[in-house]
Amino acid sequence: MQRPDHQRLIEDLRTALRVPPEKRCPARPAFRVPADRYTSDAHCARERDMLFGGMRAGRWSGTPRMIAASSQVAPGSCMPVDVAGTSIILARNAQGELSAMANACRHRASRLLNESCAAKALTCPYHGWTYDLSGKLMHVPHGESFIADDRRDLIKMPVAERHGMIWLGSDIARHMGGLDADFAAIKMDQSVLWKSHRAELKCNWKLVIEAFLDGYHFRMLHRDTIYKFFLDATAIGESVDQHVRACTARRPLRDAPADLSTVAELRNLGTPSYILFPGTIVVMHPDFTSIVVLHPLSASKTDYEHFMLVPQDRVGEAEHWDKSWKLIEEVLFQKEDLWACEQVQQGLAAGTTDALLFGELETAVRLFHNVLDERMAQTASLANLRAV
């Protein structure tokens, strides 16, 4: 059976357990990130433009990002999704083919769809222009009053399905690079959406990424929730192309057999997590998956959406999944991790420090910032070349 690369990280974590804690990571000067990277709206606008992208001249131009679970759009249905200030319609025809288009009529830009529904066509509530589920214009009331060039189809958006999720963008395998095989081995495409939650966080988007890459805080921040399942400050991370693969050791790893290839479920020994650059977090819990998608709204505000995916063949275990959702989203994320991020943002806004510090137990955060700096510099250089 194909296995994800986080098996190797789990084996490295077990090797590290043989070393006394005080010798695992000798101290050296902390990695520092200037405070204005989190408080400057001008810097945030550059990150949003250079790393995330959006609509430009009526076309989507941005980094691929997950926007919905494939299971949310059944054949013969459609749903609106708001992404980076742009509303998109996802529609699947009776044959199962998926389309994505701007949620704006080509007549006067009225919003066509406000909620998910079963539909055979999309009709504008303003003047009645009607489109099929692929975005093709079918009917214009009093159409003789418009010339042919003005009777246009909906603006198409690049969309793809991979690993059980719907992505805005194209060439997803290339974007995922070395992580694509991990997601295939984990078989995310055999999962369906259980619940999702969207919120506006009062913190910088990078603080959320950092929290999910940090195994150093478990004993303190999560002492009453999940710390009992994890070993203290035992985590590992590595760069994979532009992304980060990380893993945090769970307590059963200490007594795991020598040959991990015989272990039926690696996710009981370590919790793998991934940062899909720039702002998507994937956490592989023992029996379900959390996907968190972030988009910066300003230096101190972030659009947050959490998708919980569960195995399709276990979707009937409602009580178990509802309990898991309550623990992970309502308690662990909202009341602990995201609460802490908003507390940090308040401290930064008050000017209490000139930089955030990351020590040797937070090296995965350093990996993320290294890629972030490289990509910002590369994008700036390309922009300068185009301007010449």
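Visitor: Explain the overall build of the protein chain here, please?
Guide: From N to C terminus, the protein chain includes 10 helices and 21 strands. Along the first, second and third principal axes, the C-alpha set of the protein chain runs to 80 × 50 × 35 Å. Scored against the burial criterion, the 388 residues of the protein chain give a buried share of 49%. Charged side chains in the protein chain number 46 positive and 48 negative. The centres of these two groups are separated by 1 Å.

Visitor: Would you explain the pattern of salt bridges in this entry?
Guide: Where charged atoms from two side chains of opposite charge come close, those side chains can pair. Evaluated as defined, the whole model comprises 18 salt bridges. Across the salt bridge formed by Arg8 and Glu238, the nearest N and O atoms sit 2.8 Å from each other. Pair noted here: Arg8 is in helix H1 (residues 6–17) and Glu238 is in strand S15 (residues 230–240), with a separation of 230 residues, a long-range link. A salt bridge links Glu200 to Lys301; the shortest N-O distance between them is 3.9 Å. Of this pair, Glu200 sits in strand S14 (residues 191–201) while Lys301 sits in strand S20 (residues 301–311); the two residues are 101 residues apart in sequence, bridging distant segments of the chain. The exposure class assigned to Glu200 is partly exposed, which follows from its relative accessible area of 49%.

Visitor: Sorry if this is basic, but what is going on with empty space enclosed by the protein here?
Guide: Where empty space is left in the structure can be found by rolling a water-sized probe over the atoms. Under the criterion given, the structure shown has two cavities of 30 Å³ or more. If you add up the space inside the largest cavity, you get close to 110 Å³. Along its surface, the largest cavity is lined by 17 residues, and Pro64, Arg65, Pro278, Gly279 and Thr280 are the ones closest to its centre. Elements that contribute at least two residues to the lining of the largest cavity include exactly strand S4 (65–69) and strand S19 (289–298). Per-element accounting of the lining of the largest cavity gives the leading share, three residues, to S19. For the lining of the largest cavity, a count of residues per class yields 10 nonpolar, six polar and one charged. Here the second largest cavity is characterised by a volume of approximately 60 Å³. Around the second largest cavity sit Arg65, Met66, Ile67, Val81, Asp82, Val83, Arg198, Val293, Asp303, Glu305 and Phe307, which together line it.

Visitor: Help me understand the sheet that holds strand S7 (residues 98–102) in this model?
Guide: Sheets are built from strands that pair by backbone hydrogen bonding, the pairs being arranged parallel or antiparallel. Taken together, four strands build an open sheet; the order of strands is S7-S6-S5-S8 and the sheet is antiparallel. One side of each edge strand has no neighbouring strand; the edge strands of this open sheet are S7 and strand S8 (117–118). As defined by bridge partners, strand S6 (residues 86–92) adjoins S7 across five bridges and the pair is classed as antiparallel. Looking at the pairing, Ala91 lines up with Ser99 of S7.

Visitor: Sorry if this is basic, but what is going on with the sheet that holds strand S10 (residues 130–131) here?
Guide: An order of S9-S10-S11 is seen for the three strands of this open sheet, with the pairing classed as antiparallel. In the strand order of this sheet, the two ends are held by strand S9 (122–123) and strand S11 (137–139), each with one partner. In this sheet, S11 lies alongside S10 in antiparallel orientation, the contact comprising two bridges. Residue pairing for S11: Tyr131 is matched across the bridge by Leu137.

Visitor: Quick question: what am I supposed to make of the environment of Thr15 here?
Guide: Examined against the element boundaries, Thr15 turns out to sit in helix H1. C-alpha separation for the pair Thr15 and Arg254, spaced 239 residues apart in sequence, amounts to 9.8 Å.

Visitor: When you look at the packing of aromatic side chains in this model, what are you seeing that I'm missing?
Guide: What characterises a pair of aromatic rings is the spacing of the ring centres plus the angle enclosed by the ring planes. All chains considered together, the criterion is met by nine aromatic pairs. A centroid spacing of 5.0 Å and a plane angle of 85° characterise the contact between Phe52 and Trp205, whose relative ring orientation is edge-to-face. On the criterion of sequence distance, the pair formed by Phe52 in helix H4 (residues 41–52) and Trp205 in helix H7 (residues 205–212) is long-range, its members being 153 residues apart. What makes Phe52 buried here is its relative accessible area of 7%. Ring centres of Phe277 and Phe368 lie 6.4 Å apart, and the angle between their planes is 50°; on these two criteria the pair is classed as tilted. Residue Phe277 is located in the loop between strand S17 (270–276) and strand S18 (280–284), and its partner Phe368 is located in helix H10 (residues 363–387); the two are separated by 91 residues in the primary sequence. For Phe277, a relative accessible area of 2% gives the class buried. In this structure Phe368 comes out as buried when scored by relative accessible area, which is 1%. Among the aromatic residues, those joined into a ring-pair cluster are Phe52, Trp205, Phe277 and Phe368. A cation over a ring is seen here: Lys206 above Tyr38, with NZ or CZ 5.1 Å from the ring centre.

Rules behind the numbers
Residues numbered from 1 in each chain as written. Predicted model: local features only at pLDDT ≥ 70, side-chain atom pairs only at ≥ 80, totals over all residues. Heavy atoms only, no water. Helix = DSSP H or I, 4+ residues; strand = E, 2+ residues; numbered from the N terminus. Buried < 20%, exposed > 50% of the residue type's maximum accessible area, 1.4 Å probe, protein only. Lys, Arg positive; Asp, Glu negative; His and termini not counted. Charge placed at Lys NZ, Arg CZ, Asp CG, Glu CD. Salt bridge = Lys/Arg side-chain N within 4 Å of Asp/Glu carboxyl O. 1 Å grid on protein atoms, 1.4 Å probe; cavity = no way out; pocket = protein on both sides within 12 Å on 5 of 7 lines; lining within 4 Å. Points joined across faces, edges and corners; volume = space filled by probe spheres on them. Nonpolar A, V, L, I, M, F, W, Y, C, P; charged D, E, K, R; others polar. Pairing = 2+ DSSP bridges. Phe/Tyr/Trp six-rings, centres within 6.5 Å; stacked < 30°, edge-to-face > 60°. Lys NZ or Arg CZ within 6 Å of the ring centre and 35° of its normal.

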